[in-house]
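So you can see what is in the structure, the chains are spelled out below.
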Amino acid sequence: MVPGDAVRDGAARGDAEQRDAVRDGARVPAAGTRQAQPPPSQGSAPPEPPVPPVPPRGGEGGGAVPCGSGSAEDGGAPGAVLLGRGLGAALGGPRLPGRAGRLPALRTRDEGTISKTQQIITHLRKQKYNADYDLSATQGADTLAFVSLLEEKLLPVLIHTFWVDAKNYVEHTRKWYAETVPFPLNFFLPNSMHKRHLERLQLLWGDDYMEDEEKLEKELYRDARECLTLLSQRLGSQKFFFGDSPASLDAFVFSRLAPLLKAKLPNGKLQQHLKSLQNLCNYCTSILSLYFPWDGGDPLTSTPRAAGADGGEVEEDPHKRRNQLLSVLVGLAAMLGYAFLSGIVSIQRGSAGPGGRQPVALEEEEEEEEE
Amino acid sequence: AAEPWPENAVLYQQLKEEQILLSDNASSLAVQAFLQMCNLPIRVVCRANAEYMSPSGKVPFIHVGNQVVSELGPIVQFVKAKGHSLSDGLDEVQKAEMKAYMELVNNMLLTAELYLQWCDDVTVEEITHPRYGSPYPWPLNHILSYQKQWEVRRKMKAIGWAGKTLEQVLEDVDQCCQALSQRLGTQLYFFNKQPTELDALVFGHLFTILTTQLTTDELSEKVKNYSNLTAFCRRIEQQYFEGHDRDSSATVAARSAKRSLLR
């Protein structure tokens, strides 16, 4: 059967399998890839970095992320190949977060745009691309279990690290998005995503944790670190989680770990812990080089430059630029409005004179009346 | 932490007959099973306001000496600090798997139970609302019920379960049971000879699902499909809950659950 061969053919990454799938925007659902349908779905996937090097991270992003890079869907499924860079041009305009603007998104010939991670996976399965084809039942069960573990313990903390932790958010994540999202959305989009993630964490963790930074740090980050260590122990010295060929669990784990590993976070405790787990680092880099060869080299060249310059300014007031612009606009609008309403300036059809006539006329009338 | 386990440790949960819901019953049973497996004596006390007494807002919680600990995870750690542990004999990989499977149960089974209780309109109207507010006078019972429902629904939305239909939720339960069944295989316990906290957790949830009467039997049918899981539950019940005559809280709970949730 096709899948069996396809899966084993690790090298045939995708280029061979041109499906007519065009991938919108960025990354790959591999991010949310799970074996079957476990619950917390796309919504839970962390945001997609617009910058190439850190590939699959299904997320909700609204903006047009220019550097779409393709990658293998279900870890090994050489199926989905997605377009490379230059996808930016293919994207219409900025998308608002909402119905149509969810990432990852897969545009297929037959079925329009599919944007939920789980649905994308199901779609691919129907097209006979399945990375879990040759897993035993126990391994399938293990996949489910580990996915749940990641979802519960690691994911919220990742969201916190990228989006809620003030330093990281302001200096890194927001810039990441703001640079690639076109004007004028770049003022609002990262913020709205930030709010959404904040709210989500609040619901998940309760007010207790959100208010008490230390407790959060201690307990939740400890759990996340433990989760990473557990993953490392499970991986051991194998190449992939289930032997020599990748499965959806690998895609899932990779998509969570890679951004954490590669992103240059100012506040990187979790990152340091990950870096100390050598086998996970090697695992990530090997998958990166195997399946994302165009993203080779050291990524994130754009961020350091921006970060250096604006570092100081950003500390003071994250919204300075936006506030300035808005206040100028509001001031202008107010002045114009006043001018029109009080008659200093008026638009008269057919009359040569500027508004000056009006007030003068009024004054004359007043004088007449007084007399 | 070096103090021995006192004789008067107490476990608090909601009222067994009238108030407790499926998910809370499951959690409580899991903790009781765990403590039984560790051979630590515990007395179960039912209070209508157990949820509010708990430090984290969730039941059950135990009151040991002068400490109060809630939920299975922290309780396991607490017990470990006192020197009792069920998972010491496991190696690293097995421990990782155990934690992962526990999260699986929490993630899927518990969430499915919550969904069923609070997001499925029929169940909400016929079972949850009357039970949840039963110890309180009108109109407080309605207010509390609605408040809790709203809270749970928000949470469901945040994790993406709000858009699921009942069939999908049952599918998820089925998959979870399949995974558990696969893992258990023909062994006595999940990690061979000795029970661990995973066994306690799985027992708590599956037993409650099997013995609770809801508006439909679909949920328990899903579990019954896997004979090794039902045999597992029976075995643990016989070994840890029927052996003690005085401390037969779980058996009583089980039997009363069969009757009382029939409305």
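Residues numbered from 1 in each chain as written. Chains lettered and ligands numbered in written order. Predicted model: local features only at pLDDT ≥ 70, side-chain atom pairs only at ≥ 80, totals over all residues. Heavy atoms only, no water.

Glancing now at the pairing of strand β3 (residues 61-64) of chain B. Residues and elements named next belong to chain B. Pairing geometry for strand β1 (residues 10-13) and β3, over three bridges, is antiparallel. Directly across from Tyr-12, in β3, lies its bridge partner Phe-61. Pairing analysis gives four bridges linking β3 to strand β4 (residues 67-70), with the strands arranged antiparallel. Bridged to Ile-62 within β4 is Val-69. (Pairing = 2+ DSSP bridges. Helix = DSSP H or I, 4+ residues; strand = E, 2+ residues; numbered from the N terminus.)

Attention now moves to the nonpolar core. Residues and elements named next belong to chain B. Core analysis: the biggest nonpolar cluster contains 137 residues, and Trp-5, Phe-34, Leu-35, Ile-62, Leu-180, Phe-203 and Phe-232 have the highest contact counts within it. When near neighbours in sequence (up to four residues on either side) are disregarded, Leu-180 contacts Tyr-101, Val-105, Leu-109, Phe-190, Val-202 and Leu-229. Counting six residues, the second largest nonpolar core, distinct from the first, contains Val-10, Val-45, Val-59 and Phe-61. (Core = buried A, V, L, I, M, F, W, Y, C linked by side-chain atoms within 4.5 Å. Buried < 20%, exposed > 50% of the residue type's maximum accessible area, 1.4 Å probe, protein only. Contact = heavy atoms within 4.5 Å.)

All names here are of chain A. Among the surface-exposed residues, Glu-211, Asp-212, Glu-213 and Glu-214 lie close enough to one another that they form a single negatively charged patch. Secondary-structure assignment places Glu-214 in helix α7 (residues 213-235). Under the relative-accessibility criterion, Glu-214 is labelled exposed at 65%. (Patch = residues over 30% accessible without salt bridge, like charges linked within 9 Å, V, L, I, M, F, W, Y side chains within 5 Å. Areas by Shrake-Rupley, 256 points an atom, 1.4 Å probe, with all protein chains shown as cover. Salt bridge = Lys/Arg side-chain N within 4 Å of Asp/Glu carboxyl O. Lys, Arg positive; Asp, Glu negative; His and termini not counted. Charge placed at Lys NZ, Arg CZ, Asp CG, Glu CD.)

For the pair helix α4 (residues 137-164) of chain A and helix α4 (residues 92-119) of chain B, the least separation of the axes is 7 Å and the interaxial angle reads 75°. The orientation of α4(A) relative to α4(B) falls into the category roughly perpendicular. Between α4(A) and α4(B), the residues in contact are Thr138(A), Ala141(A), Asp142(A), Leu144(A), Ala145(A), Phe146(A), Ser148(A), Leu149(A), Glu151(A), Glu152(A) and Lys153(A) and Ala96(B), Glu97(B), Lys99(B), Ala100(B), Tyr101(B), Glu103(B), Leu104(B) and Asn107(B), respectively. Classifying every residue of the contact of α4(A) with α4(B) by side-chain character gives nine nonpolar, three polar and seven charged. (Axes fitted to C-alpha atoms, helices over the stretch in contact; angles between N-to-C directions. Parallel < 35°, antiparallel > 145°, perpendicular 65-115°, else oblique. Nonpolar A, V, L, I, M, F, W, Y, C, P; charged D, E, K, R; others polar.)

Residue and element names in this part refer to chain A. A surface patch of nonpolar side chains, amounting to about 650 Å² of accessible area, comprises Leu-336, Tyr-338, Phe-340, Ile-344, Val-345 and Ile-347. In this structure, Ile-347 sits in the loop between α12 (320-342) and α13 (357-370). Assessed through its relative accessible area of 73%, Ile-347 is described here as exposed.

Bringing the confidence of the model for chain A into the picture now. Residues and elements named next belong to chain A. Averaged over every residue, the pLDDT of chain A is 65; residues scoring 70 or more account for 57%. Within chain A, the lowest mean pLDDT, 32, falls on helix α2 (residues 87-90), and the highest, 89, falls on α12. Counting interchain partners and residues more than four positions distant, the pLDDT-below-50 stretch residues 1-100 has 307 contacts. Contacts from residues 297-316, a stretch scored under 50 in pLDDT, to residues over four places away or in other chains number 23 contacts. (pLDDT = per-residue confidence, 0-100.)

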